[in-house]
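Coordinates in review
Chain residues, written in single-letter form:
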Amino acid sequence: MADHNTYLKYKRDERQLVYWIIHASAHITKSFPSSLTEGSTPTGAISLSTLKSLSGLIAKHIDPIPTVIFRLFATASDPDPEIQKSNVSHQNWIEGLSEVNWRRAFTINWLYDLVNVSTSIVVQRRTRGQRIQLETVDWSRLGPWNEHRWLFGLHDFAGGITHLAVQKPGTEIKSKILPHHVFELQCIVESLTVSRGWSISVFTGRVLTPAARGFRVRRDVDIFMDRYNKRFGKGFCSSVDVLSQLLDGDALLHRDPTWNKTLKDFMIEFRTDLNNWLGGTKYMHDLTGIPPSRFSNTNSKVCENTVHYFVAPGL
């Protein structure tokens, strides 16, 4: 049996969480009248189904969830086992709130991994004695460290997020979070949830279906590259071989072995870069000097093996 103080703390956190859900959803419906649906305007006693409906509404419009609310949720969703067994309604209403909890945790952990990969070369140089102020580094594609970072399709997003993440505590960054940052992060999270059979319908709300059987995140990258020549005459790698032969033939016609050499060398180097890095990060190549992936307990290659959006911009 849970002691009295533990039970009181659980009930207090639960009440505060319910209070926040009601007022946050009221603010949303006031700001976005089109979001009004049955159950999204609580009146009188609050039912379990209403709480689940409101939590879904909040998940659509508030991201990330404030840290203090996240802590309340953690307490309410994982109380003392004795409390959980004696409260038959506990699991019922917590299910509707799980979306808020999971999305926030995944988003924060994925961004940590992204920043760790993006800053890895600079962090390594700092450990070797170089004095580099992270907050003043130009992390964009035009910056001095760009040639050491391989995030095809995500350079701009990674640079923007990294710049915000390495600022000193207390720095005002809200005005620097631009709409395209929010949109791209939304695409990253949604690409994962949809691939797992979890999507949002404008008509019915949350939709859960079985994930596609046998689907691989890097499927389209592998088809495009065809690194192992599984299809004769297909894929980017084979096309570079064919182009190299044509360029060599053209050089013979011009009786100049250096004819087209610059283009040929560039294409071969470009193929090598895509072979090594398209759809992947340095986490999958055991890069030292950076913290382990936040997902290392389940999947250390989370960037490329779980998030479809990591692959799509690269292609």
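As a reminder, the structure under discussion sits directly above these lines.
Remember, predicted model here, so these are calculated numbers, not experimental data. (Residues numbered from 1 in each chain as written. Predicted model: local features only at pLDDT ≥ 70, side-chain atom pairs only at ≥ 80, totals over all residues. Heavy atoms only, no water.)

**Observations regarding the overall build of the protein chain**
When helices and strands are counted, the protein chain shows 12 helices and 2 strands. Reading the secondary structure of the protein chain in the N-to-C direction produces α-α-α-α-α-α-α-β-β-α-α-α-α-α. Within the protein chain, contacts between residues separated by at least 24 positions form 67% of all contacts whose residues are at least 6 apart in sequence. Accessible surface, the protein chain as shown: approximately 18,900 Å² in total, 57% of it carbon and sulfur. (Helix = DSSP H or I, 4+ residues; strand = E, 2+ residues; numbered from the N terminus. Contact = heavy atoms within 4.5 Å. Areas by Shrake-Rupley, 256 points an atom, 1.4 Å probe, with all protein chains shown as cover.)

**Describing the packing of aromatic side chains**
The description of two aromatic rings rests on the distance between their centres and on the angle between their planes. According to the stated counting rule, one finds 3 aromatic pairs in the structure shown. Aromatic pair F224 and F236: ring centres 5.7 Å apart, planes at 20 degrees, arrangement stacked. In this pair, F224 sits in helix 8 (residues 219–225) while F236 sits in helix 9 (residues 236–253), placing the two residues 12 residues apart along the sequence. Classification of F236 as buried rests on a relative accessible area of 14%. Relative to F270, the ring of F266 has its centre 5.8 Å away and its plane inclined at 5 degrees; by these criteria the two rings are stacked. Here F270 and F266 lie together in helix 10 (residues 261–277), a separation of 4 residues that amounts to about one turn. Among the aromatic residues, those joined into a ring-pair cluster are F224, F236, F266 and F270. (Phe/Tyr/Trp six-rings, centres within 6.5 Å; stacked < 30°, edge-to-face > 60°. Buried < 20%, exposed > 50% of the residue type's maximum accessible area, 1.4 Å probe, protein only.)

**Thoughts on helix 10**
With 17 residues, helix 10 extends 24 Å from end C-alpha to end C-alpha; this agrees with the ideal 24 Å at 1.5 Å per step. Of the residues making up helix 10, those classed as buried are M267, R271, D273, L274 and W277. All buried residues of helix 10 project into a common sector of 165 degrees when viewed along the axis, lining one side. Against the buried residues of helix 10 lie helix 8 and helix 9. Looking at the residues trailing helix 10, positive phi occurs at G279, about 80 degrees. (Expected span 1.5 Å × (residues − 1). Arc of directions from axis to C-beta.)

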